[in-house]
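Notes for the structure review
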Amino acid sequence: MAQRTGLDADGYARAATIMNELAAQQVGYVGMDTVRGSDGLVSYWTDEASASAWRDHPEHAAIRDAGRDRWYSDYRLHVAQVTRSYDWKKA
């Protein structure tokens, strides 16, 4: 969950696009889901080491710091292991 400040929406959108593209290039990246609009997301990694490497990636760290300064008033991060997941959609 994240609360955006409403400042610099264009800069946020550019940074989000760059981070999505960069994350997809990282070892262990599985995918990303948007949760309740553009202010929330879930990223999936094959293991803890891959998720930690993403957390520590220099470009990601720089954008995260910019987010704390400019785009977010607060956010929450949860680390969890998914043991089962499925989708169903009526045709």
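Structure first, text after, so check above.
All of the points below concern the structure found in this document. Keep in mind it's a predicted model, so treat the numbers as computed, not measured.

Some points on the nonpolar core
In this structure, Ala2, Tyr12, Ala15, Ala66, Trp71 and Tyr72 together form the largest nonpolar core, which totals six residues. Of all the secondary structure elements, the ones that give two or more residues to this core are helix 1 (9-24) and helix 3 (58-71). With near-sequence residues (within four places) excluded, Tyr72 lies in contact with Ala2, Gln3, Arg4, Thr5, Tyr12 and Gly67. With five residues, the next largest nonpolar core counts Leu22, Ala23, Trp45 and Trp54 among its residues.

Remarks on a nonpolar patch on the surface
Side chains of Val30, Val42, Tyr44 and Val82 sit close together on the surface and give an oily, nonpolar patch of about 320 Å² of accessible area. Along the chain, Tyr44 falls in strand 3 (residues 41-45). For Tyr44, a relative accessible area of 30% translates into the label partly exposed.

Scoring rules and cut-offs
Residues numbered from 1 in each chain as written. Predicted model: local features only at pLDDT ≥ 70, side-chain atom pairs only at ≥ 80, totals over all residues. Heavy atoms only, no water. Core = buried A, V, L, I, M, F, W, Y, C linked by side-chain atoms within 4.5 Å. Buried < 20%, exposed > 50% of the residue type's maximum accessible area, 1.4 Å probe, protein only. Helix = DSSP H or I, 4+ residues; strand = E, 2+ residues; numbered from the N terminus. Contact = heavy atoms within 4.5 Å. Patch = residues over 30% accessible without salt bridge, like charges linked within 9 Å, V, L, I, M, F, W, Y side chains within 5 Å. Areas by Shrake-Rupley, 256 points an atom, 1.4 Å probe, with all protein chains shown as cover. Salt bridge = Lys/Arg side-chain N within 4 Å of Asp/Glu carboxyl O.

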